[in-house]
Amino acid sequence: MNDTSLKNDGRAGFSRRRFITGTGSLLGAAALAGPTPSSWATPRTAAAPIASGSRVPALVIGTGYGGCVAALRLAQAGTDVHMAEMGMAWDTPGPDGKIFANTTRPDDRSFWLRTRTKQPLSNFLGFPLDRNVNRYTGILDAEEFGGITVYQGRGVGGGSLVNGGMAVTPRRENFGAILPTVDAEEMYSTYYPRANSGLGVTTIDPAWFEEADCYQYARVGRKHAQRAGFPFLFVPAVYDWDYMKREAAGTVPRSALDGEILYGNNHGKKSLQKTYIDRIRATGRVTISPLHKVTTVTPAPDGGYTVLIDQLDTTGRTTATKTVTADKVFFAAGSVGTSKLLVGLKATGALPLLNDEVGRGWGDNGNVMCGRANHLWDPTGKLQASIPTGGIDNWDAGGAFAEVAPLPTGIETWASFYLSITKNPHRARFTWNAAAGRAELDWQTAWKQPSIDAAKTIFDRINRKEGTIYRSDLFGVHKIWGDHLTYHPLGGAVLDKATDNYGRLHGHPGLYVIDGALIPGNTSVNPFVTITALAERNIERIIATDL
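What counts and how
- Residues numbered from 1 in each chain as written.
- Predicted model: local features only at pLDDT ≥ 70, side-chain atom pairs only at ≥ 80, totals over all residues.
- Heavy atoms only, no water.
- Helix = DSSP H or I, 4+ residues; strand = E, 2+ residues; numbered from the N terminus.
- Buried < 20%, exposed > 50% of the residue type's maximum accessible area, 1.4 Å probe, protein only.
- Contact = heavy atoms within 4.5 Å.
- Core = buried A, V, L, I, M, F, W, Y, C linked by side-chain atoms within 4.5 Å.
- Axes fitted to C-alpha atoms, helices over the stretch in contact; angles between N-to-C directions.
- Left-handed = near helix turned anticlockwise from the far one by under 90°.
- Nonpolar A, V, L, I, M, F, W, Y, C, P; charged D, E, K, R; others polar.
- Polar contact = N/O pair within 3.5 Å; in protein donor to acceptor, adjacent residues only side chain to side chain.

K.L.:
Please explain the environment of Asp515 as it appears in this structure.
P.N.:
Mapped onto the fold, Asp515 is located in the loop between β20 (511-513) and α15 (528-546). In this structure Asp515 comes out as buried when scored by relative accessible area, which is 6%. Considering only alpha carbons, one finds Asp515 and Ala70, 445 residues apart in sequence, at a separation of 9.6 Å. Among all residues touching Asp515, those that are not within four sequence positions of it are Gly66, Phe331, Ala332, Ala333, Gly334, Ser335, Thr338 and Ile531.

This is the structure:
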């Protein structure tokens with residue numbers, strides 16, 4: 001693609017000169033600033049972490065969706081639980097009075113142990129957006145492997161802290177391809193409803209959607225989709241819509257309407273902190289240790305498992321190593337975290353009886369991103385809510401579902417932006433590099449081509465219909481597709497392969513996987529409702545039979 005997306009007012013819908021003038025504040029904040037002061041380099045919570053030498057009935061590694069389901073249901077069944085979380089608690093405001101940083105103004109809080117940000121949108125009109133920051137245990141991990149960058153949440157609440165909140169249940173006819181050994185009738189009659197209720201999933205008021213300035217971008221996306229013959233679907237989310245209405249009215253502090261999403265949301269979003277974790281704390285049976293990283297799990301001589309845990313400070317330095325014994329261990333460190341840990345434990349002989357399926361079946365949920373440049377008569381709005389509300393479904397015909405995503409820059413961009421989930425068949429494997437002492441992933445960048453081809457079945461047609469073109473300035477110079485990343489890592493300890501059909505790891509009784517590592521690479525939609533529902537199903541059986 002040539003550079004006409006930056007030069008052609010008639011087709012692209014903007015001029016480069018006007019845009020550079022209008023983006024001065026954005027670029028000044030996000031691209032041209034130097035490192036921020038080291039104002040975040042002290043712990044912000046006075047937690048009482050687990051003591052070395054403790055014995056616990058159940059240890060949950062991670063505090064994301066699967067881990068929270070497990071901890072809550074175990075506690076409700078009368079079992080004492082400890083949760084070890086590598087990230088921070090995110091419960092105390094920083095010097096600016098806010099817990100989380102703004103999307104357009106990243107600072108030390110924004111990234112996990114990096115000295116330079118690595119934003120999903122790396123460029124704007126040819127200008128790089130990344131900036132220097134101080135090394136800190138920030139909220140978003142941009143973990144780089146050979147062929148892909150995997151974005152993950154770090155903190156109590158896991159991925160719920162940083163995702164877009166789109167809470168989508170897959171169409172039932174697609175479920176057999178997602179989890180073929182799971183009873184779909186049970187999932188759709190019991191566990192998906194339970195998950196949606198527990199997460200606080202709701203749908204935007206359609207009448208308010210039609211009039212809200214902050215969703216002009218979504219209405220433009222709907223118009224273009226429908227004129228090209230695609231259905232536009234309202235998508236449920238985990239945001240307090242009444243709060244967003246008050247944001248629009250100016251009666252409460254702005255959150256979604258201040259662009260907060262990628263580095264946390266300070267007010268209206270119902271992350272796990274406000275749903276499952278609130279209920280977990282109410283049981284009185286669960287304790288949580290932030291900044292605690294599990295490094296080793298081995299069978300204990302007197303039963304259960306000996307677990308080594310590093311306590312971290314906010315620079316990532318280990319300040320103590322603790323030894324804990326757990327009767328049962330639930331791996332819930334996310335698809336990447338769980339997979340890396342299990343592959344290492346098997347390869348180093350800590351858990352030698354894990355089978356050869358550990359580390360296999362990893363996928364990116366077919367994620368690929370792109371932008372389109374609209375005409376001047378199709379502005380997408382200066383004010384854009386950071387919570388997406390709609391998607392374009394071409395799964396059956398083209399293998400793609402695309403969410404109409406915001407670009408909350410605070411300026412008019414005349415741009416439509418999309419995150420697509422596609423039917424990508426490629427699966428990668430984690431293996432152990434003994435010389436380097438780390439797990440590695442064999443994903444290849446070329447494996448993104450099926451995702452690009454699937455997304456093009458939507459956006460090529462829209463561009464032909466509208467007479468528009470792709471943006472080529474968002475992911476690098478003259479680069480149309482965001483094919484370097486995923487927000488939705490899945491697999492690596494696949495259900496009924498690395499585990500039995502309820503997440504019990506083969507070879508070591510009392511060890512369980514209960515997160516997205518169980519799902520083999522694709523859910524056809526945003527995955528966190530499916531992760532939650534599967535965890536609800538599995539923990540119910542485990543409590544009934546294993547405790």
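Back to the text.
K.L.:
Which parts of the structure should I look at to understand the nonpolar core?
P.N.:
Side chains of a nonpolar character, in soluble globular proteins, are inclined to be buried together. Val297, Phe330 and Phe331 are the most contacted members of the largest nonpolar core, which totals 87 residues. With sequence-adjacent residues up to four places away left out, Phe331 is seen in contact with Ile61, Val297, Thr338, Leu341, Leu342, Leu345, Leu505, Leu511, Tyr512, Val513, Ile514 and Asp515. Counting residues in each nonpolar core, the second largest holds 71 residues, with Ile99, Leu121, Val252 and Leu485 among its members.

K.L.:
In this structure, what is going on with the packing of helix α5 (residues 65-76) against α15? I would like to understand it.
P.N.:
Axis angle and axis distance: for two packed helices, these are the angle between their axes and the distance between the axes, and together they describe the pair. Running from N to C, α5 and α15 cross one another at 35°; their axes reach a closest spacing of 8 Å. α15 is crossed by α5, and the crossing has right-handed handedness. Across the interface between the two elements, Tyr65, Gly66, Val69, Ala70, Arg73 and Leu74 of α5 pack against Phe528, Ile531, Thr532, Ala535, Glu536, Ile539 and Ile543 of α15. Split into classes, the residues belonging to the contact of α5 with α15 amount to 9 nonpolar, 2 polar and 2 charged.

K.L.:
Honestly, the environment of Thr202 in this entry has me stumped. Any pointers?
P.N.:
One can find Thr202 in the loop between α7 (184-199) and α8 (206-211). Residue class for Thr202 comes out partly exposed when judged on its relative accessible area of 32%. Spatially, the C-alpha atom of Thr202 lies 18 Å from that of Val404, the residues being 202 residues apart in sequence. Of note is the side chain of Thr202, whose polar atom sits 3.2 Å from the side chain of Trp241.

K.L.:
Looking at this structure, how should I read unusual backbone geometry?
P.N.:
With the exception of glycine, most residues fall at negative phi, and the peptide bonds are largely trans. With phi around 55°, Trp90 is a residue other than glycine that occupies positive phi space. The topology assignment puts Trp90 in the loop between β2 (81-84) and β3 (123-124). A positive phi angle, close to 50°, is found at Trp414, a residue other than glycine. For Trp414, the location among the structural elements is in the loop between β14 (400-405) and β15 (415-422). You can call Trp414 buried: its relative accessible area is 13%.

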